[in-house]
Amino acid sequence: MDLTWLSPIFLVLALAGCGYGLVAAYLAGRFAERLPARLPEDAARPSVTLLKPLCGMEPNLYENLDTFCRQIYAGPVQIVFGVQNAADPAIGAVRRLQETHPALRIDLVIDARQHGSNRKVSNLINMSALIAHEVIVLADSDMVVRPDYLERVVAELSAPGIGGVTCLYHGVPAHRGVFAHLSGLAIDVQFLPNVVMGTALKLAKPCFGSTIAFRRASLATIGGFEAFRDDLADDYAIGEALRTHVGEVAIPNFTIGHTCVDTEMSGLWRHELRWNRTIRNVDPAGYAGSVVTHAFPLALVGALLPGAGQSALVVAALALACRILLCVRLERAFGLEPHAYWLLPIRDMLSFANFSWSFVSGAVTWKGHDYRVVADGTLIPEASLSRDAEATSV
């Protein structure tokens, strides 16, 4: 069978990916240079409740949570932590925070009730009874923020026509291991430019678990957290509901940190596969089209196919150069730590393999539990599928 026609297709896709990377580098710089929203210095700050659902003792958990306790903010602040297991080791980190910050209102909810297949949302439903303030800021447990984070998020939320605020994030390796750095690279050179490109071209309307800020009245308007109890992409679904019923979801021009804790390939592969399958369910056409963002692997595949000439290696070298340029541009635009550039080709090959495998099945592993994702993005626990299969066979 003659396959010589395949190589030029892969090389054309790789060249398109090079162009994509250059445009993304330009747009990232323009995004970071936007003027941020600001509140008048003499204006009263609305009261804020921070919601932090927890599950287990993650690496650097105390240090991550402590950054939210050290906010320079002139209004009243409450932090509500939630766990679903009375023996959860994360409780120790919360008790330590309560001792370290006695002047800050820190509440802890321990409630095992499960309201749907999404355990994080069930946790939030249990926590919501303690919300005391006007503005709600939901943030994942592995985020790291600067002391002005709350001030900047509330300023964005106070702008006219804004119904919610979400934040871009960058990778922060929790240790020096190669897998943590590969995880951080995936965020910084794939997630960040893809979001910047998608939003600039109005092809994407994202909302991230890194931060979702909205008013308490808005939560009631969108049906409370109960409306999202079975959604895999609960953050995206909340963002869509806010846009539909309240107002636009703003993305400020700064990033916050996402702690990358992977110590082995299996963990890195599983959580990236969950990310990819989540995006695939949210935007299947856009996800399939994102194949062009894998320029370097596409060029290598093209170079290995029959009929490929020396031009294929030139395209591969160009693709790698564009990746390095994009990485440097993102570091300067968002003030990120320099990366180990020699990891970029490894990172790109791993990402392409994970992207390709994400089309094979809808299974995901999340916080130690296995799920199947159906066409509408709903999570179904594998255990319940097994029970249904057994019942059917009987």
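For every chain, the first residue of the written sequence is number 1, and numbering continues from 1 onward in sequence order. The predicted origin of the model limits local features to residues at a pLDDT of at least 70 and limits the giving and counting of side-chain atom pairs to 80 or more, whereas totals for whole chains, interfaces and linings rest on all residues. The side-chain figures draw on all heavy atoms in the structure; neither hydrogens nor water molecules are used.

Notes on the domain arrangement of the chain
Part 1 of the argument: Under the domain assignment used here, the chain contains domain 1 (5-30 + 283-383) and domain 2 (36-266).
Part 2 of the argument: Facing 30 residues of domain 1, the contacting portion of domain 2 comprises 30 residues.
Part 3 of the argument: What gets called buried area is simply the loss in accessible area from a 1.4 Å probe that two parts show on being joined, summed for both. Both sides of the domain 1 and domain 2 interface together cover about 2,700 Å² of buried area, and 69% of this is carbon and sulfur.
Part 4 of the argument: We count a salt bridge whenever a side-chain nitrogen from Lys or Arg sits within 4 Å of a carboxyl oxygen from Asp or Glu. Inspection of the region where domain 1 meets domain 2 yields zero salt bridges.
Part 5 of the argument: For the purposes of these results, a polar contact is taken to be a pair of N or O atoms within 3.5 Å, where, inside protein, one atom must be able to donate a hydrogen and its partner to accept one; residues adjacent in sequence count only when each atom of the pair is a side-chain atom. The tally of links between domain 1 and domain 2 comes to five residue pairs in polar contact (both at pLDDT 80 or more).
Part 6 of the argument: Contributions of two or more residues to the side of domain 1 that touches domain 2 are made by α1 (6-32), α12 (310-334), α13 (344-357), β12 (369-373) and β13 (379-381).
Part 7 of the argument: Per-element tally for the side of domain 1 that touches domain 2: the top contributor is α13, with six residues.
Part 8 of the argument: Its residues assigned to classes, the side of domain 1 that touches domain 2 shows 20 nonpolar, six polar and four charged. Each domain's extent was defined by an automatic or database domain assignment. We call two residues contacting when some pair of their heavy atoms lies within 4.5 Å. A run of DSSP states H or I qualifies as a helix once it reaches four residues; a run of E qualifies as a strand once it reaches two. Both are numbered from the N-terminal end. Polar here means any residue other than Ala, Val, Leu, Ile, Met, Phe, Trp, Tyr, Cys and Pro, which are nonpolar, and Asp, Glu, Lys and Arg, which are charged; Gly is therefore polar.

Points about unusual backbone geometry
Part 1 of the argument: In the Ramachandran plot, N60 falls in the positive-phi region, its phi being about 65° despite a non-glycine side chain.
Part 2 of the argument: Position of N60 among the secondary structure elements: in the loop between β1 (48-53) and α2 (61-69).
Part 3 of the argument: Since its relative accessible area comes to 34%, N60 is described here as partly exposed.
Part 4 of the argument: In the Ramachandran plot, K202 falls in the positive-phi region, its phi being about 60° despite a non-glycine side chain.
Part 5 of the argument: A residue is classified by how much of its surface remains accessible, and K202, at 73% relative accessible area, is exposed. Relative accessibility thresholds used throughout: buried, under 20% of the residue-type maximum; exposed, over 50%; partly exposed, between the two (1.4 Å probe, protein chains only).

Section: the packing of helix α6 (residues 178-200) against α13
Part 1 of the argument: Close contact between α6 and α13 brings their axes to 10 Å; oriented N to C, the two are set at 80°. The orientation of α6 with respect to α13, classified from their angle, is roughly perpendicular. Across from L182, S183, L185, A186, V189 and Q190 in α6, the residues of α13 making contact are L344, I346, R347, D348 and S351.
Part 2 of the argument: Grouping the amino acids of the contact of α6 with α13 by side-chain chemistry returns six nonpolar, three polar and two charged. Geometry is summarised by axes, namely lines fitted to C-alpha atoms with helices restricted to the contacting stretch, and by angles between N-to-C directions that run from 0 to 180 degrees. With respect to orientation, any angle under 35 degrees is reported as roughly parallel, any angle over 145 as roughly antiparallel, any angle of 65 to 115 as roughly perpendicular, and every other angle as oblique.

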